[in-house]
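Residue-level listing of the chains:
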Amino acid sequence: MIFGLLNLYSVLRPTGNFDFFYKQIVWDLIGFLVIFLVYLVKESFIRKVILPLYLISTILLIGVLFFGTRVGGSVRWYRFAGISFQPSELSKLSLILILAYTFTNKSFKSFLISAILTLIPVLLILKEPDLGVSVLHIFIWSILLVFSGISFRIIAVVFGSMAGTIPILYFF
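Only a predicted model underlies this, so the values are computations on that prediction, with no experimental measurement involved.

Caption draft 1: Expanded view of the pattern of salt bridges. The final tally for this structure, using the stated rule, is three salt bridges. Close ionic contact of Glu-43 with Arg-47 constitutes a salt bridge, the shortest N to O distance being 2.8 Å. Within this pair, Glu-43 and its partner Arg-47 are both found in helix α3 (residues 43-67), separated by four residues, close to a single helical turn. Neither Glu-43 nor Arg-47 differs from the other in exposure class; each is exposed. Ionic pairing is found between Arg-76 and Asp-130, a salt bridge with its closest N-O pair at 3.7 Å.

Caption draft 2: View of helix α7 (residues 152-170). Compared with the 27 Å implied by 1.5 Å per residue over 19 residues, the 27 Å span of α7 between its first and last C-alpha is a close match. At Gly-164, α7 shows its largest kink, close to 25°, and the proline Pro-167 lies no more than four residues downstream. Three or more residues of α7 are buried, namely Ile-154, Ile-155 and Val-158. As for α7, its buried residues are in contact with α5 (108-127) and α6 (131-146).

Caption draft 3: Here's a closer look at the environment of Gly-164. Within the element layout of this structure, Gly-164 appears in helix α7. Taking C-alpha positions, Gly-164 is 23 Å from Ser-110, a pair spaced 54 residues apart along the chain.

Caption draft 4: Just the packing of aromatic side chains, in detail. Counted under the stated rule, the structure contains eight aromatic pairs. Centroid distance Tyr-78 to Phe-80: 5.8 Å. Interplanar angle 15°. Geometry classified as stacked. Judged by relative accessible area, which is 8%, Tyr-78 ranks as buried. For Phe-80, a relative accessible area of 53% corresponds to the exposed category. Between Phe-108 and Phe-111, the ring centres sit 5.6 Å apart and the planes meet at 35°, which makes this aromatic pair tilted. Residue Phe-108 and its partner Phe-111 are located together in helix α5, separated by three residues, close to a single helical turn. Through pairs of rings, three or more aromatic residues link up here, namely Tyr-9, Phe-18, Phe-21 and Tyr-22.

Caption draft 5: Region of the structure containing the side chain of Lys-92. If you trace the backbone, Lys-92 turns up in helix α4 (residues 87-102). Within polar-contact distance, the side chain of Lys-92 engages the side chain of Glu-89 at 2.9 Å. Not counting residues up to four positions away in its chain, the partners in contact with Lys-92 are Leu-136, His-137 and Ile-140.

Caption draft 6: Local environment of a nonpolar patch on the surface. Together, Val-26, Trp-27, Ile-30, Val-34, Val-38 and Ile-83 line one region of the surface with nonpolar side chains, adding up to about 540 Å² of accessible area. With five residues, helix α2 (residues 19-40) is the largest single contributor of residues to the nonpolar patch. Of note, Trp-27 is situated in helix α2.

Caption draft 7: Layout of the sheet that holds strand β1 (residues 69-71). The strand order across the open sheet built from three strands is β1-β2-β3, with neighbouring strands paired in antiparallel fashion. Each edge of the open sheet carries a strand with a single partner, namely β1 and β3 (83-85). Shown here is a sheet whose adjacent strand axes are inclined to one another by a mean of 45°, direction ignored. Where strand β2 (residues 74-80) and β3 come together, three bridges link them in antiparallel fashion. For Arg-79, the partnering residue across the bridge sits in β3 and is Ser-84. Most of the contacts of α3 go to β2, to which it runs at about 95°, and overall it touches β1, β2 and β3.

Cut-offs and rules
- Residues numbered from 1 in each chain as written.
- Predicted model: local features only at pLDDT ≥ 70, side-chain atom pairs only at ≥ 80, totals over all residues.
- Heavy atoms only, no water.
- Salt bridge = Lys/Arg side-chain N within 4 Å of Asp/Glu carboxyl O.
- Helix = DSSP H or I, 4+ residues; strand = E, 2+ residues; numbered from the N terminus.
- Buried < 20%, exposed > 50% of the residue type's maximum accessible area, 1.4 Å probe, protein only.
- Expected span 1.5 Å × (residues − 1).
- Bend = angle between axes of the 7 residues up to and from the residue.
- Contact = heavy atoms within 4.5 Å.
- Phe/Tyr/Trp six-rings, centres within 6.5 Å; stacked < 30°, edge-to-face > 60°.
- Polar contact = N/O pair within 3.5 Å; in protein donor to acceptor, adjacent residues only side chain to side chain.
- Patch = residues over 30% accessible without salt bridge, like charges linked within 9 Å, V, L, I, M, F, W, Y side chains within 5 Å.
- Areas by Shrake-Rupley, 256 points an atom, 1.4 Å probe, with all protein chains shown as cover.
- Pairing = 2+ DSSP bridges.
- Axes fitted to C-alpha atoms, helices over the stretch in contact; angles between N-to-C directions.

Here it is, written out as structure tokens:
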């Protein structure tokens, strides 16, 4: 964060306009406050909000397709009173939480459920379109899958199938 602020300062220094720099400091302080508040939250509360958070992020992803702001041919942002919000950022957090909860059961069923839970936001984000964030969601799922304790055989078949479909999907 400090390097980011220094970088931003060095870019803005020749212009003399430090509005973005001060805005970034405010958002960094808000971020620290959120980190501290999350630290104080009990695990049982987090378990209770995992599913509602996932559902809210999915609804926001659907809603951005209809009510989002079009920028450069893509509809990825909500804008409220000068503040922009990209629902795919919330989707990353909710995906990590719901997949971690899903992978507590190390079975083929949990693997299938995790694939469906990942596919929903990926398809919605591809509709925006935002290939980078969609790939990031798949990457998050892949990393959690590898460390979930699910049979390596299942994981090898999945990654082999994914690698085999990349050339086919390239043409669509």
